[in-house]
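Summary of the model geometry
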Amino acid sequence: MSVFCPLVIAGPATTWQFHQTEVIGRQRDEIARMHVELEDMHAELRLLHEDLRIRARRDALTGGLNRGALFSALEEIAPSYEGPAALLIADADHFKKINDGFGHLVGDEALRSIAAAISNAVDDNDLWGRIGGEEFLVFLHATTRTRAAAIADGIRRAVVEADLVVDGRKVPLSVSIGVASVNGVFDPVDLFRQADDYLYRAKSGGRDCIVFDGLEVGRQPA
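Residues numbered from 1 in each chain as written. Predicted model: local features only at pLDDT ≥ 70, side-chain atom pairs only at ≥ 80, totals over all residues. Heavy atoms only, no water.

Turning our attention to the overall build of the protein. The number of helices and strands found in the protein is six helices and eight strands. Ordered by position from N to C terminus, the α and β elements of the protein give α-α-β-α-α-β-β-α-β-β-β-α-β-β. Burial statistics for the protein: of 222 residues in total, 39% are counted as buried. Considering only residue pairs separated by 6 or more positions, the protein has 67% of its internal contacts joining residues 24 or more positions apart. In the form shown here, the protein has an accessible surface area of approximately 13200 Å², with 56% of it arising from carbon and sulfur atoms. (Helix = DSSP H or I, 4+ residues; strand = E, 2+ residues; numbered from the N terminus. Buried < 20%, exposed > 50% of the residue type's maximum accessible area, 1.4 Å probe, protein only. Contact = heavy atoms within 4.5 Å. Areas by Shrake-Rupley, 256 points an atom, 1.4 Å probe, with all protein chains shown as cover.)

Burial analysis of strand β1 (residues 84–92) places eight of its nine residues in the buried class, the great majority of the element. Examined bridge by bridge, β1 and strand β3 (residues 135–140) share six bridges and lie antiparallel to one another. Across the sheet, residue L88 finds its bridge partner in β3, namely V138. (Pairing = 2+ DSSP bridges.)

Turning our eyes to something else, we now look at helix α6 (residues 188–204). Between its terminal C-alpha atoms α6 stretches 24 Å, which fits the 24 Å expected from 17 residues at 1.5 Å a residue. Residues P188, L191, F192, A195, Y198, L199, A202 and K203 constitute the buried set of α6. For α6, the arc enclosing every buried residue in end-on projection is 145°, short of the 170-degree limit, so these residues lie on one face. Facing away from the buried side of α6, by more than 90 degrees, are the exposed residues R193, Y200 and S204. In the core, the buried residues of α6 are packed alongside α2 (67–77), β1, β2 (127–132), β3, β6 (175–183) and β7 (210–212). For α6, the capping residue at the N-terminal end is D187, with a side-chain oxygen 2.9 Å from the backbone nitrogen of V189. (Expected span 1.5 Å × (residues − 1). Arc of directions from axis to C-beta. Polar contact = N/O pair within 3.5 Å; in protein donor to acceptor, adjacent residues only side chain to side chain.)

If a residue is not glycine, its phi is most likely negative; likewise, a peptide bond is most likely trans. With a phi close to 70°, R207 is a non-glycine residue in the positive phi region. Among the secondary structure elements, R207 is positioned in the loop between α6 and β7. Here the phi dihedral of D208 falls at roughly 50°; this positive angle occurs in a residue that is not glycine.

Below, the structure written as structure tokens:
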């Protein structure tokens, strides 16, 4: 009896201990699984936040930077900028006629065509985007006047040659471009005003042309 009793008592205790160990093991596994799920959720949230941050800086129609992002970037680099640069403002010619004659969806395609011409012409270090309506801004980092003029004319030519056809009719598309150059530290507002003034001259001078630091280049008949 002295041997049997401890076994009788120990049996249920041992079974209970095994059960508790098993329960604890399942709980640990569940906690580990929950940690993995939380880490996955945190990673997904980080991706969503990054996507939202990017979307907040991008123009939804063209994929370029939006006005706020462009001017914010210029204000950041302007006070300590070194070397040559150029600011381009491109504006679609007779854009209202495109919207009125072909519809706003075709107008959107026209804007995407202009954006593609700009995107293909610039480098990764350059800044570009749509600043409103049918107007685009390009900032060329560390660029010579020769390169800036070549890029501006490349954009102008690519827009004219864009293959935008609706119901068998080619949509007439062109841009006027104002270019202001700078060397070293600059004021973004002043530089923008200069380029905008040159753009106005390009518009009033016949369109489908470039005015670079006050001089007209690459002019084509309207």
